[in-house]
2 protein chains.
Amino acid sequence: MSPTVGVIGGGQLARMMVPPAVALGIELRVFAETHGASAALAATTVGDYRDAPAVLAFAEEVDVVTFDHEHVPQAVLAALVDRGVAVRPGPHALAFAQDKLAMRKRLTELAVPVPEWAAVASITDLEAFISEHGGSAVLKTPRGGYDGKGVRVVRDATEAVDWFERADSTGGGPILAEELVPFRRELSQVLARRASGETVLWPVVESIQRDGVCVETIAPAPDSAARLAGVAADIALTIAERLDVTGVLAVELFHTTDDRLLVNELAMRPHNSGHWTIDGSTTSQFEQHLRAILDLPLGATGCRDPWSVMVNVLGGPASGRLSDRYPTAFADQPTVKFHSYDKESRPGRKVGHVTAGGDDLEETVFRARAAAAFLED
Amino acid sequence: MSPTVGVIGGGQLARMMVPPAVALGIELRVFAETHGASAALAATTVGDYRDAPAVLAFAEEVDVVTFDHEHVPQAVLAALVDRGVAVRPGPHALAFAQDKLAMRKRLTELAVPVPEWAAVASITDLEAFISEHGGSAVLKTPRGGYDGKGVRVVRDATEAVDWFERADSTGGGPILAEELVPFRRELSQVLARRASGETVLWPVVESIQRDGVCVETIAPAPDSAARLAGVAADIALTIAERLDVTGVLAVELFHTTDDRLLVNELAMRPHNSGHWTIDGSTTSQFEQHLRAILDLPLGATGCRDPWSVMVNVLGGPASGRLSDRYPTAFADQPTVKFHSYDKESRPGRKVGHVTAGGDDLEETVFRARAAAAFLED
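Predicted model, so just to flag it, every value in this text is computed and none were measured.

Q: Account for the packing of aromatic side chains, with residues named and values stated.
A: If you walk through the whole model with that rule in mind, you get ten aromatic pairs over all chains. Centroid distance F31(A) to F58(A): 5.4 Å. Interplanar angle 75°. Geometry classified as edge-to-face. Here F31(A) is found in strand β2 (residues 27–32), whereas its partner F58(A) is found in helix α2 (residues 52–59), with 27 residues between them in sequence. Since its relative accessible area comes to 5%, F58(A) is described here as buried. An aromatic cluster is built from Y326(A), F330(A) and F338(A), whose rings are joined through pairwise contacts. In this structure, R50(A) is placed above the aromatic ring of Y49(A), and the distance from its NZ or CZ to the ring centre is 5.8 Å. Its guanidinium or amino end placed over the ring of F330(B), R291(A) lies 3.9 Å from that ring's centre, counting from NZ or CZ.

The following block contains the structure:
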């Protein structure tokens, strides 16, 4: 009866697709890794996303397949496409979210501004890169990194001996080396693109990171004057169109000390820097992702408040459950929207987020941080 | 792990509790009547809510039991309470939402303004009532009516012969007769009350009915000057406190031609006249109901827009499914929020609703009506 969307991956991104799916009467089926996954309430399959037959069986009963993460191997994606399954975003686009070296190469071809970079295959290569780039380099494993994992800043090539050894032993190929960009802050431009091409953007946001993990976003980014917002939008639109992305695309950007924007990372799915849209925009990134992959007209992306501040809940209470903190948190912050991912507490783990909206930035930041603090130790 | 709420009834009200339950990490379990119920995605039991053992078994695994409708018999409610189950709202309050005669009697005792009424047990009683009330009466079956069902306007007592015959044969007792109130419009005051007593109100709304069915609400009610809003709030607060209601309470009101407010109906659950809060208020009535029955501090009830207009989708497309209309509806109304109840089309049936928000009432009404029209034949 209803349009049916299959999501591979059972994390909080799949979980947060449930509310808009319920609102729109879309059936959501999740392929989760474990029984206790964040999106367990919508899980119809529990299995390994690298297991092509399992993924194919799951896909048989859905109209379109999409993703909670970018780790599904290209071989599995190809098997889906061969079987005639609508895979959105498509494997040809996802390849650039899966492999940072491929992404850097392609964006450079498209003249999209990125940090200076090189594929380094040896200590010698890396030494040369470091000496050409002011005595440092940011090393990234091309695949599988997230939230600061798979990223390392080095001042001396020998610090990376273990990575090269691992790459050699696993046939992993070269590593991505990037200049250590002197940036004043990080921004994120989130957009959505329909299968048939229509594209809408939310305002560019500022994303505050700690140890490589997003802790807070401010929407719109303060002091994102017309020019800055325009440049961010242009970059993201170019990427969406030239890489043929379907669904939500998040483009993480460095705002450099000399006022340039450089692309840091890409994600072709709803993204932490877009969580504010659930409460702060007319259309959330999760609803928009569903619309986009079903090739439905996209919703309005206006802001519901002059400022929306999202703060991640990292770790959660050391003992007990997140909801044990609701009595104090709700009483203190009646205007803040609380989001639990129904995950066990663990130091540094994203277990939820909160969003505050308001007219005054400082006051809004205060409310959001206060609310999040009640949910952490 | 999570707080667990059991909802008896699998209609759209239970369905619309799912999104806030997901956001807050509350586990929602639904006792549905049928497998294809609107809230099927959260159904853990399919059964008959009059079957005490089935309801007791369902209730064993939840922290609190609440309702999608008011039809659960008092005997079943009593069995739950006897077993130590937290039933919210409690049977003592629900009794007044279940039986219109009991409600009229109690509100009269509380000096809450209601239409003139009488319990009529015979044609003779009714004849007397009609002649004392300007030649007409509104007859209501005390139990089981909704959306205009179980309500009949009569000008002559003989028109009600069949109802008295049925009442006699089923031992149904007297029928409620009310004056035909000369009203200019209908209003609805929705509030939420925690188990421990905290109460919050949304602004009073205007509710536009057709054939006894709500077709549209405007929030806040136009021209609800401070006095009118204050009277509506006082009436609803009195009812909530004196009837000891827990959860959401909707008080439907007649705004009479001589500018009084009289209580029409009560509902002790989220109500159609509160659907606008999903998109139009900081806290939706569905989230608030969950907070209230779990005795958590209530959320802010401010308006997100100067005007919120909700239009019901009645009937749905004669052929095909509601979502077949999304391409045109979404393209035409990108700012409107669409809600499907995942129900089969049927003339007059509530199969969804839409909500528009805006600064200008006429324009907002236009957008909401246009959006709904795309989803109907």
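Moving on from the model shown.
Q: Just give me the short version of the interface of chain B and chain A, but keep the residues and values in it.
A: On the chain A side, the residues contacting the 39 residues of chain B number 39 residues. The tally of links from chain B across to chain A stands at four salt bridges. Note that K337(B) is salt-bridged to E287(A), the shortest N-O span being 2.9 Å. Inspection of the chain B/chain A interface yields 18 residue pairs in polar contact (both at pLDDT 80 or more). Counting residues per element, the ones that place at least two in the side of chain B that touches chain A are α1 (12–24), α10 (285–293), α11 (326–332) and β16 (337–340) of chain B. Looking at the side of chain B that touches chain A element by element, the count peaks at seven residues for α1(B).

Q: Lay out the relation of the copies chain B and chain A in plain terms, naming residues and giving numbers.
A: You can overlay chain B on chain A at an RMSD of 0.0 Å; the transform is a turn of 180° with a shift of 0.0 Å along its axis. Such values leave the two copies arranged in the relation of a two-fold axis. Residue P19(B), judged by its C-alpha, is the member of chain B lying nearest the rotation axis, at 2.2 Å. Taken together, the interface assignments show that 100% of the residues at the interface of chain B recur at the interface of chain A, consistent with an identical surface on both copies.

Q: Hey, could you go over helix α7 (residues 161–170) of chain B for me, with residue numbers and the actual values?
A: Residue and element names in this part refer to chain B. Among the residues of α7, W163, F164 and A167 are the ones counted as buried. All buried residues of α7 fall inside an arc of 95° around its axis, so they share one side. α7 presents E165, D168 and S169 as exposed residues on the side facing more than 90 degrees away from its buried surface. Tucked inside the fold, the buried residues of α7 contact β5 (117–120), α6 (123–132), β6 (137–140), β7 (151–154) and β8 (175–178). One or two positions beyond α7, positive phi appears at G171, with a value near 65°.

Q: Please provide a residue-by-residue account of the packing of α2(A) against helix α3 (residues 74–82) of chain A, values included.
A: Residue and element names in this part refer to chain A. Across the interface, α2 lies against α3 with an axial gap of 10 Å and an inter-helix angle of 40°. On the basis of their axis angle, the class for α2 and α3 is oblique. Note on packing geometry: the crossing formed by α2 with α3 is right-handed. Along the contact surface, α2 presents A52, V55, L56 and A59, while α3 presents V76, A79 and L80. By residue class, the composition of the contact of α2 with α3 is seven nonpolar, no polar and no charged.

Q: So what about the packing of helix α3 (residues 74–82) of chain B against helix α4 (residues 91–98) of chain B? Which residues, and what values?
A: All names here are of chain B. It is at 11 Å that the axes of α3 and α4 come closest, and there the two elements cross at 165°. By the criterion of interaxial angle, the relationship of α3 to α4 is roughly antiparallel. Remark: the crossing between α3 and α4 carries right-handed chirality. The residues of α4 that touch α3, namely those facing Q74, L77 and V81, are P91, L94, A95 and Q98.

What counts and how
Residues numbered from 1 in each chain as written. Chains lettered and ligands numbered in written order. Predicted model: local features only at pLDDT ≥ 70, side-chain atom pairs only at ≥ 80, totals over all residues. Heavy atoms only, no water. Phe/Tyr/Trp six-rings, centres within 6.5 Å; stacked < 30°, edge-to-face > 60°. Helix = DSSP H or I, 4+ residues; strand = E, 2+ residues; numbered from the N terminus. Buried < 20%, exposed > 50% of the residue type's maximum accessible area, 1.4 Å probe, protein only. Lys NZ or Arg CZ within 6 Å of the ring centre and 35° of its normal. Contact = heavy atoms within 4.5 Å. Salt bridge = Lys/Arg side-chain N within 4 Å of Asp/Glu carboxyl O. Polar contact = N/O pair within 3.5 Å; in protein donor to acceptor, adjacent residues only side chain to side chain. Least-squares fit on C-alpha atoms with pLDDT ≥ 70 in both. Arc of directions from axis to C-beta. Axes fitted to C-alpha atoms, helices over the stretch in contact; angles between N-to-C directions. Parallel < 35°, antiparallel > 145°, perpendicular 65-115°, else oblique. Left-handed = near helix turned anticlockwise from the far one by under 90°. Nonpolar A, V, L, I, M, F, W, Y, C, P; charged D, E, K, R; others polar.

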